[in-house]
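Residue strings, one per chain:
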Amino acid sequence: EILAKRRPVEEVLSDPATPAQTKHQLKLVQRLRDFASQELALPDNRSYRSYADLDRPFAVWDVFAAPELLLEPKKWCFIVAGCVSYRGYFARDKAEKFAAELKQEGYDVYVGGVPAYSTLGWFSDPLLNTFIHRSEAELAGLLFHELAHQKIYVSGDSAFNESFATVVELEGVKRWFQQNDNTKEAEAYRQKIQRREEFTALVLKHRTRLKEIYASDLSDAEKRMAKARVFEELRNDYAMLKTKWNGYAVFDNWFAQDLNNAHLIVIGLYTQYVAAFQKLLAQQGGDLTAF
């Protein structure tokens, strides 16, 4: 369906029925896409040179699962992608149905919408309505991140792949704004990254406490009570963290859910090796090709 709905960006731009804001975003993406290949050593191919309107808010929905008293993600293995700690569906109802089956088996479960994903170069991935109207910084980061997966992908190692792509994303966005001298957007992006890091650190701190509880000699009943307390403390600590964010509330929806072990699986996955990759990039003098 996604591939069948693709239209060349040039065709969408010349279509009188295309909204002006969509045209503006597509023109921005054309510049970002050229920058990615010319300045960041990312693949120069047909990915993100077409557009598809899926008439839904997300491209896919991912299902995450973990045992009730263990922070080890359930994994699924595939021929191309290797083993990953989630299972993706193109229809939300199918994702919810599968999640319900896992819940009946006793798993903690979380279903999350995903705006974009990479086919790792197997297909020419199109731009989608699910993310095209994001800010300049967010669009740039998403494109650079997904193209990085086409550059390097290690089967079965999600933490490596996502951390690598995140470093390319961060470095790429920084260089984009340096070249285009957009101080306001650059500062907004810097603040967003800083707050994301603070949110991640907060969740990982409480995840460590949960690991200690699950590994202890407490009874299962005692572990369940301790688990509930940790999640309640996590919510309280987030409320305190938000007081210095001047109304920034992007993580509110995450905390509005009935949090469980499955919600914690993805947190930190994208950043586990970021510092190490950034050190490696610095050792190469910022040369992305050498990196």
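Details of the structure are given in the entry above.
Residues numbered from 1 in each chain as written. Predicted model: local features only at pLDDT ≥ 70, side-chain atom pairs only at ≥ 80, totals over all residues. Heavy atoms only, no water.

Enquirer: How should the sheet that holds strand S7 (residues 107-114) be read in this particular structure?
Expert: Two modes of strand pairing occur in sheets, parallel and antiparallel, and in both the strands are linked by backbone hydrogen bonds. One open sheet holds the three strands; their spatial order is S6-S3-S7, and the pairing between them is antiparallel. Edge positions in the sheet fall to strand S6 (87-89) and S7, since each has one partner strand and no second. Ignoring which end each strand starts from, the neighbouring axes of this sheet average 25 degrees apart. One ladder, built from eight bridges, connects strand S3 (residues 60-67) with S7; its direction is antiparallel. Bridge assignment links aspartate 62 to a residue of S7, and that residue is glycine 112. Where helix H3 (residues 92-104) meets the sheet, its contacts fall on S3, S6 and S7, and the angle it forms with S7 comes to roughly 165 degrees. (Pairing = 2+ DSSP bridges. Helix = DSSP H or I, 4+ residues; strand = E, 2+ residues; numbered from the N terminus. Axes fitted to C-alpha atoms, helices over the stretch in contact; angles between N-to-C directions. Contact = heavy atoms within 4.5 Å.)

Enquirer: Explain the packing of aromatic side chains here, please?
Expert: When we look at a pair of aromatic rings, we describe it by the centre distance and by the angle of the planes. Considering all chains together, one arrives at 21 aromatic pairs under this definition. With a centroid separation of 5.8 Å and an interplanar angle of 80 degrees, the aromatic rings of tryptophan 245 and tyrosine 248 are classed as edge-to-face. With relative accessibility at 2%, the residue tryptophan 245 sits in the buried group. Residues tryptophan 245 and phenylalanine 251 carry aromatic rings whose centres are separated by 6.0 Å and whose planes lie at 50 degrees to one another, so their mutual orientation is tilted. Grouped by ring-pair contacts, the aromatic residues Phe199, Tyr238, Trp245, Tyr248, Phe251, Trp254 and Phe255 constitute a single cluster. Directly above the ring of phenylalanine 98 sits arginine 87, whose terminal nitrogen or CZ lies 4.4 Å from the centroid. If you follow arginine 195 out to its NZ or CZ, it ends over the ring of tyrosine 248, 4.8 Å from the centre. (Phe/Tyr/Trp six-rings, centres within 6.5 Å; stacked < 30°, edge-to-face > 60°. Buried < 20%, exposed > 50% of the residue type's maximum accessible area, 1.4 Å probe, protein only. Lys NZ or Arg CZ within 6 Å of the ring centre and 35° of its normal.)

As far as function goes, none of this settles anything; it's purely spatial.
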